[in-house]
Amino acid sequence: MNPELEKKIIDIISGNILTPIIYMIEQEEILDFICFCDRNITIQEIYDVEKKIRTETGKKVEIVDIREFGAAERLEVLSNARLIYTEHPIIEKIFVQSMSDDLKNAMEKRQDVLDRYRESGCVYLQ
């Protein structure tokens, strides 16, 4: 993707969806954009933005809120997707730290369940 088209896409997304950060995964015929969307945005508004980008690129487009992913999937996004927009460089650092903390918390909860199972033979508290 050329820089001019990428800038146009960034302008379309950031102008229509309030998001402080945008990641992109570009595949052969699909563009995935992962955002931290404003909670007030409707599904229809997201579809409309996807349609505008599809018109510009000729590719299938999907815009996804990163909160729809689990902790491990979020880190995978951070590892595999390319950051194309951030309101401020510090936002990216805060975002990455938050995703790391989420994974750490999930791993601690998992360990608690395993410890409980080892001690009591039951996963659930009774």
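The sections below set out a description of the structure shown in this document. These numbers come from a predicted model, not from an experiment.

Residue position: E45 is located in helix α2 (residues 43-57). A relative accessible area of 36% means that E45 is categorised as partly exposed. In the structure, E45 is positioned 19 residues away from E26 in sequence and 22 Å away in space, judged by C-alpha atoms. In this structure the side chain of E45 is engaged in a polar contact, spanning 2.8 Å, whose partner is the backbone nitrogen of T42.

So, about the sheet that holds strand β4 (residues 82-86). If you walk across this open sheet you meet the four strands as β3-β2-β1-β4, and the pairing is mixed. Edge positions in the sheet fall to β3 (60-65) and β4, since each of these pairs with one other strand and no more. The sheet shows a mean angle of 25° between the axes of neighbouring strands, taken without regard to direction. Of the strand pairs in this sheet, strand β1 (residues 21-26) and β4 are connected by four bridges, and their pairing is antiparallel. Residue pairing in the sheet places M24 in a bridge with R82 of β4. Strands in contact with helix α1 (residues 3-16) are β1, β2 (30-35), β3 and β4; relative to β4, the strand with the most contacts, it is inclined by about 55°.

A few words on the nonpolar core. Residues I13, I17, F33, V49, I53 and I63 are the most contacted members of the largest nonpolar core, which totals 18 residues. Mapped by element, the contributors of at least two residues to this core are α1, β1, β2, α2 and β3. Counting residues per element, this core draws most heavily on α1, at four residues. Non-local contacts of I17, meaning those with residues more than four positions away in its chain, are made with C37, I41, I46, V49 and I63. By size, the runner-up hydrophobic cluster in this structure holds nine residues, among which are I21, Y23, I34 and A81.

A separate point is the pairing of β1. Note that β1 and β2 share five bridges and pair antiparallel. The partner of I25 across the bridge, within β2, is D32. Between β1 and β2, which pair antiparallel one after the other, the connecting turn spans three residues.

The next subject is the packing of aromatic side chains. Applying the stated criterion across every chain yields a total of zero aromatic pairs. The ring of F36 has R67 sitting right over it, with the charged end atom 4.2 Å from the ring centre.

Pairs can form between side chains of opposite charge whenever their charged atoms are close. The final tally for this structure, using the stated rule, is seven salt bridges. The salt bridge partner of K104 is E108, with a shortest N-O separation of 4.0 Å. Taken together, the residues K104 and E108, both in helix α4 (residues 89-120) and four residues apart, mark about one turn of the helix. The exposure class of K104 is exposed, given its relative accessible area of 52%. Residue classification places E108 among the partly exposed residues on the basis of a relative accessible area of 40%.

About the cut-offs
Residues numbered from 1 in each chain as written. Predicted model: local features only at pLDDT ≥ 70, side-chain atom pairs only at ≥ 80, totals over all residues. Heavy atoms only, no water. Helix = DSSP H or I, 4+ residues; strand = E, 2+ residues; numbered from the N terminus. Buried < 20%, exposed > 50% of the residue type's maximum accessible area, 1.4 Å probe, protein only. Polar contact = N/O pair within 3.5 Å; in protein donor to acceptor, adjacent residues only side chain to side chain. Pairing = 2+ DSSP bridges. Axes fitted to C-alpha atoms, helices over the stretch in contact; angles between N-to-C directions. Contact = heavy atoms within 4.5 Å. Core = buried A, V, L, I, M, F, W, Y, C linked by side-chain atoms within 4.5 Å. Phe/Tyr/Trp six-rings, centres within 6.5 Å; stacked < 30°, edge-to-face > 60°. Lys NZ or Arg CZ within 6 Å of the ring centre and 35° of its normal. Salt bridge = Lys/Arg side-chain N within 4 Å of Asp/Glu carboxyl O.

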